[in-house]
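Chain by chain, the residues:
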Amino acid sequence: MKLKTALMGAVASMAFAPMAYADGHEGERGRDGQLNIIYWQAPSIMNPYLSGGTKELEAASLVIEPLARYDTDGNLTAWLAEEVPTVANGGVSEDLTSITWVLKEGLLWSDGTPVTSADVKFSWEYCTAEGGGCAQSEKYLDVESVDTPDDRTVVVNFSVAKPFPYGPFVGAQAPIIQAAQFAECLGPRAPECTDENFNPIGTGPFVVEEFRTNDVITLAANENYREAGKPAFATVTFKGGGDAAAAGRAVHETGEFDYAWNLQLAPDVLSGMAEAGLGTNVVSFGTSVERILLNMTDVDPSLGEARGVIGNPHPFLTEKPVRQAMSMAIDRALLTEIGYGDFGRLTCNVLPAPAIFASDANDSCLTQDLEGAMAVLDEAGWVPGSDGIREKDGVRLSVLYQTSTNAVRQDYQALIKQWWEEIGIETELRNIDASVFFGSDPGSPDTFQKFFADVEMFTNNFDGTDPEAYMAGWTCDQAPQPENQWQGNNMPRFCSEEYDALRAEMATTGDIDERARLAKAMNDILMQEYIILPLTHRGRNSAHAVTLGGVQLNVWDSELWNIADWYRIGE
Amino acid sequence: MTDASLTKDAPVAAEKVPSQWWDVWDQFRGHKGAMAGLFFLTFITLFCTIGPLLWQVDPSTLDIRNKDVRPIYTAIWDGDAKVSWARPMGTDHLGRDIMSNIMQGGRISLAVGWTAMILAILIGTLIGVLSGYFKRLDWALMRFTDLVLALPLLPLLLVMMLLFRDPLRAAFGPENGIFILIVTGIGITSWMQTARIVRGDVMALKEREFVLAARSIGTPPRRMITRHVLPNVMSPIMVSATLGLATAIITESALSFLGLGFPSDFPTWGKILFDSVDRMTSFPERVLWPGMAISLTVLAVNYIGDGLRDALDPRIRGL
């Protein structure tokens, strides 16, 4: 629990420090001079509609903005809109087929012209234009039409009932672009508009001065930004390229940069860097969970074509006591400490966030219980054989445990193997190159979707904050099978009528509390049946200079979402 | 011993055979580097084979409380270092004993290295001699060599894994199955240099007077190759054999790292080395132990090859 306390402390100080200082850091726009940001992957374009990459999304979020975005807790916050429409405030229609947004008053583009509802409508037209390869088209899925009754009002009509209507114009993936600038860039011409794509006119706190592809972006404060006295920085240099270690050193050890994004480094390496005293590591938790899946189907190679097919149940993993014992034997606190340090935390849920969706019904998994695990197996009739491996009716508890090749994962494998062998489950380890394991080649037997092993481990998460699509991944029809070319997210090939019923109910429920109840219930079924054994809730970590204030790491939206509020701590 | 073996029936043969090899040994003994190499190779082989019988610590047991133990010599300059006589070479970040890992890893690395090298040398020499000696086969065999030279090892092994892993695992168990796969994979992708070198030497030899003389008295090709050609191309073969052993050990390490090799709980020198690179600055010894084992073994084999070549070459031996 020491770890948890430390983490809470870190999160709390991160959240409250800016508020405490905020008063002392009011002033005129551009008072704090220069800000240097390093992303070890370099942006190649400033238009998120033409790129699915995180680096482009985040760079563009300095310039162009959506109607609403997610805050650090994953809650929707009005951005260019007056407020977030809901059924309660009348913004979303009762039948869930339309949503009405109202723009803030007096919004200006950086060129001084007013922002109107026509620009919002144009953003939809731009992304859905015929012949254009829009990277964010799923955000505009099921949008039938966009009406503009007046200059500030936008009505989005959906062709189906949308319990979660916050796809279009929400989040860094779906910002508003200027109709006047992009009017000639619709459809197939979109990628040809180099000037527009590199220097979009936006409503954000900064405007592009110079864009060098895959290298450096120079930005200056937007003179027409809607809030007086913001941003505090007059110019921003956004450097791309290098690797995570170099970016970490640039902030922590040399102080050349003020902010470094997504430092995927071992916890002891990062804390070693931070000892230089110039930078601070920050972490924020999204929905990534490192988990173990237990296969419900038999994957014996001798079955040939019938491997992993639902008609062939697994010889012993279909017995709940075996799965339960496997879960009880794991010391999640130790795993997390070794693998992720402060950048991971304990969880007993496959759906650990946002907070309203996180169940607390499964917390017993937090403590390891080897004796208990052995007792559960004894009770179920699995007794140790001459070599210490448990068996029943001639079936030996012997599992093949696969994952991708990655130093932390191999450490996890070694530890878990030791615990499982202590309770009498023989474990054979296998690690597969990540490009093969996560590849979707239906011809390869080694993909995580085919899951031709008894146990497998990887991390998964979901985009945005609504877990419906994520939780729908474990319904019966989502099981990867030969008939569907091994596609689908239900890798354990778990099937429960109760679960499917809950999922069907969620698809027609609009009320947020009710949705949370359903999501928790579905999570609890997976946890209490021990189909998925969650191991570690993984955070995203970045680093910023100790002199940079106002940073609130956000995993639900662009990390630079509140850059308008960043400031230099007095020298 | 001499009067017992020197029977009157075959005095010449009995005297000739030991004396030739005695000569080679005599010559070899004079090569200081080769003797040092032989000494080290014997030492490391014994360390890996007999070692685990004396040092009975299971290499895969995790002991988290005793993680990150430094090697015992650290105590000389750092009195506060975490050291223990029970773990003379230290432990890794999960508390596994490094010494037993080096022993266990050495067994696998040496076995893979030797087997793959022998396989590669056999194929390489065969193809090289055939294509150098028989003009008719030359074109086809050399184009085949070019073809194999263009085969990338990694994709090839991926395909081999895909096709043969499960049958081999079922037939020989997970470790032996992978062993056969890796040895074959490395063997059949590293014989080409040997083949080319041998072919070149054989072609030059073929035109030499003693070969012409042998041919003029009607020596059949088989005898010609074994008696006159092979002994004379022994030195390049030895040299590529020593280089081949080094390459095989290193290739196996790279494969294990990519997850194409042995299971992750199955230590080899290369894998211990790769696993330690992340923490190289804080725990340099974890890189040094396997790194020294690999490089010294390779160096030793190189020196032995050097000494053997000198000793086997009659021109240098002075006969």
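Just so it is clear, the model here is predicted, and its values are computed rather than measured. (Residues numbered from 1 in each chain as written. Chains lettered and ligands numbered in written order. Predicted model: local features only at pLDDT ≥ 70, side-chain atom pairs only at ≥ 80, totals over all residues.)

**A look at the overall build of chain B**
Phase 1 of the analysis: On a plain count of helices and strands, chain B comes out with 14 helices and zero strands.
Phase 2 of the analysis: Sequence-ordered secondary structure for chain B, helices as α and strands as β, is α-α-α-α-α-α-α-α-α-α-α-α-α-α.
Phase 3 of the analysis: Overall, chain B is about 75 × 55 × 35 Å in size when its C-alpha atoms are taken along their principal axes.
Phase 4 of the analysis: Within chain B, contacts between residues at least 6 apart in sequence are counted, and of these 70% link residues at least 24 apart. (Helix = DSSP H or I, 4+ residues; strand = E, 2+ residues; numbered from the N terminus. Contact = placed C-beta atoms within 7 Å.)

**A word on the overall build of chain A**
Phase 1 of the analysis: Looking only at helices and strands, one finds 15 helices and 21 strands in chain A.
Phase 2 of the analysis: By the compact-globule yardstick of 25 Å for 571 residues, chain A fits well, its C-alpha radius of gyration being 25 Å.
Phase 3 of the analysis: When the 571 residues of chain A are sorted by exposure, 49% land in the buried category.
Phase 4 of the analysis: Partitioning the intrachain contacts of chain A with sequence separation of at least 6 by distance along the chain shows that 68% fall at a separation of at least 24. (Rg over C-alpha atoms; globule rule 2.2 N^0.38 Å. Buried ≥ 20, exposed ≤ 12 C-beta atoms within 10 Å, placed from the backbone.)

**Remarks on the packing of helix α6 (residues 135–149) of chain B against helix α8 (residues 192–206) of chain B**
Residues and elements named next belong to chain B.
Phase 1 of the analysis: At a minimum axis distance of 10 Å, the contact between α6 and α8 shows a crossing angle of 150 degrees. Comparing their axes, α8 and α6 come out roughly antiparallel. The hand of the α6/α8 crossing is left-handed. Note on element contacts: α8 touches α6 through M192, A195 and R196, opposite T145, V148 and L149.
Phase 2 of the analysis: The residue makeup of the contact of α6 with α8, split by class, is four nonpolar, one polar and one charged. (Axes fitted to C-alpha atoms, helices over the stretch in contact; angles between N-to-C directions. Parallel < 35°, antiparallel > 145°, perpendicular 65-115°, else oblique. Left-handed = near helix turned anticlockwise from the far one by under 90°. Nonpolar A, V, L, I, M, F, W, Y, C, P; charged D, E, K, R; others polar.)

**Quick notes on the packing of helix α6 (residues 244–252) of chain A against helix α7 (residues 267–274) of chain A**
Residue and element names in this part refer to chain A.
Phase 1 of the analysis: For the pair α6 and α7, the least separation of the axes is 9 Å and the interaxial angle reads 25 degrees. Looking at the two axes, α6 sits roughly parallel to α7. When you trace α6 past α7, the crossing you get is right-handed. Of the residues in α7, those in contact with G248, R249 and H252 of α6 are L270, M273 and A274.
Phase 2 of the analysis: Looking at the contact of α6 with α7, its residues break down into three nonpolar, two polar and one charged.

**Some points on the sheet that holds strand β6 (residues 153–158) of chain A**
Residue and element names in this part refer to chain A.
Phase 1 of the analysis: Taken in spatial order, the three strands make up an open sheet running β4-β6-β5, and their pairing is antiparallel. Each end of this open sheet is capped by a strand with a single partner; those strands are β4 (98–102) and β5 (143–150). Each strand axis lies, on average, 20 degrees off the axis of its neighbour in the sheet, ignoring direction.
Phase 2 of the analysis: Bridging between β5 and β6 involves five bridges; their strand directions are antiparallel. Each bridged residue has a counterpart across the sheet, and for V146 the counterpart in β6 is V156.
Phase 3 of the analysis: Sheet strands in contact with helix α3 (residues 117–128) are β5 and β6, and its direction is about 170 degrees off that of β5. (Pairing = 2+ DSSP bridges.)

**Some details on the environment of A:L346**
Residue and element names in this part refer to chain A.
Phase 1 of the analysis: In this fold, L346 is placed in the loop between β12 (344–345) and α10 (370–379).
Phase 2 of the analysis: Judged by the 21 C-beta atoms lying within 10 Å of it, L346 is buried.
Phase 3 of the analysis: C-alpha separation for the pair L346 and L535, spaced 189 residues apart in sequence, amounts to 7.2 Å.

**Some remarks on the pairing of strand β1 (residues 34–39) of chain A**
Residue and element names in this part refer to chain A.
Phase 1 of the analysis: For β1, the buried fraction is high: five of the six residues fall into the buried class.
Phase 2 of the analysis: Strand direction decides the pairing type here: β1 and strand β9 (residues 235–240), joined by six bridges, are parallel. Across the sheet, L35 pairs through a bridge with V236, a residue of β9.
Phase 3 of the analysis: In terms of strand pairing, β1 meets strand β10 (residues 259–260) through two bridges, oriented parallel. The residue of β10 that forms the bridge with I37 is Y259.

**Looking at the nonpolar core**
All names here are of chain A.
Phase 1 of the analysis: L67, V251 and A260 are the most contacted members of the largest nonpolar core, which has 89 residues in total.
Phase 2 of the analysis: In terms of residues, this core owes the most to one element, α3, which gives five residues.
Phase 3 of the analysis: If you look at the next biggest cluster of nonpolar residues, it comprises 65 residues, including L317, A373, W419 and M471. (Core = buried A, V, L, I, M, F, W, Y, C linked by C-beta atoms within 7 Å.)

**A short note on α3(A)**
All names here are of chain A.
Phase 1 of the analysis: Taking 1.5 Å of rise per residue, the 12 residues of α3 would be expected to cover 16 Å, and the 17 Å separating its terminal C-alpha atoms lies within 8% of that figure.
Phase 2 of the analysis: For α3, a buried count of nine out of 12 residues is recorded, marking the element as mostly surrounded by other parts of the structure.
Phase 3 of the analysis: At its buried positions, α3 is contacted by β5, β6 and α4 (179–182). (Expected span 1.5 Å × (residues − 1).)

**A look at the interface of chain A and chain B**
Phase 1 of the analysis: Contact residues are listed per partner, giving 21 residues for chain A and 15 residues for chain B.
Phase 2 of the analysis: For the side of chain A that touches chain B, the secondary-structure elements that each account for two or more residues are α11 (407–422) and β17 (426–432) of chain A.
Phase 3 of the analysis: Tallying contributions element by element places α11(A) first for the side of chain A that touches chain B, with eight residues.
Phase 4 of the analysis: When its residues are assigned to classes, the side of chain A that touches chain B shows 10 nonpolar, six polar and five charged.

**Section: the pairing of β17(A)**
As a general feature of sheets, a regular strand has side chains that alternate between the two faces.
Residue and element names in this part refer to chain A.
Phase 1 of the analysis: For β17, the tally of buried residues reaches five of seven residues, placing the bulk of the element in the interior.
Phase 2 of the analysis: The pairing of strand β16 (residues 398–404) with β17 spans seven bridges and is parallel. Counterpart to T403 in the pairing with β17 is N431.

**A word on the sheet that holds strand β13 (residues 383–384) of chain A**
Residues and elements named next belong to chain A.
Phase 1 of the analysis: One open sheet holds the three strands; their spatial order is β13-β14-β15, and the pairing between them is antiparallel. On the outer flanks of this sheet lie β13 and β15 (395–396), each paired with one strand and no other.
Phase 2 of the analysis: In this structure, β13 lies alongside strand β14 (residues 390–392), joined through two bridges in antiparallel fashion. Paired with P384 across the bridge in β14 is R390.

**Quick look at helix α12 (residues 269–276) of chain B**
Phase 1 of the analysis: Counting buried positions over the eight residues of α12(B) gives seven, a clear majority of the element.
Phase 2 of the analysis: The complete set of buried residues in α12(B) reads B:W269, B:G270, B:K271, B:I272, B:L273, B:D275 and B:S276.

**Here's the deal with the confidence of the model for chain A**
Phase 1 of the analysis: Averaged over every residue, the pLDDT of chain A is 87; the share at 70 or more is 95%.
Phase 2 of the analysis: Every residue in residues 11–24 of chain A scores below 50 in pLDDT, and together they form eight contacts with partners more than four places removed in sequence or on other chains. (pLDDT = per-residue confidence, 0-100.)

**Details of the environment of A:R249**
Residue and element names in this part refer to chain A.
Phase 1 of the analysis: Position of R249 among the secondary structure elements: in helix α6.
Phase 2 of the analysis: Taking C-alpha positions, R249 is 21 Å from G550, a pair spaced 301 residues apart along the chain.
Phase 3 of the analysis: Setting aside anything within four residues of it in sequence, one finds R249 in contact with T254 and M273.

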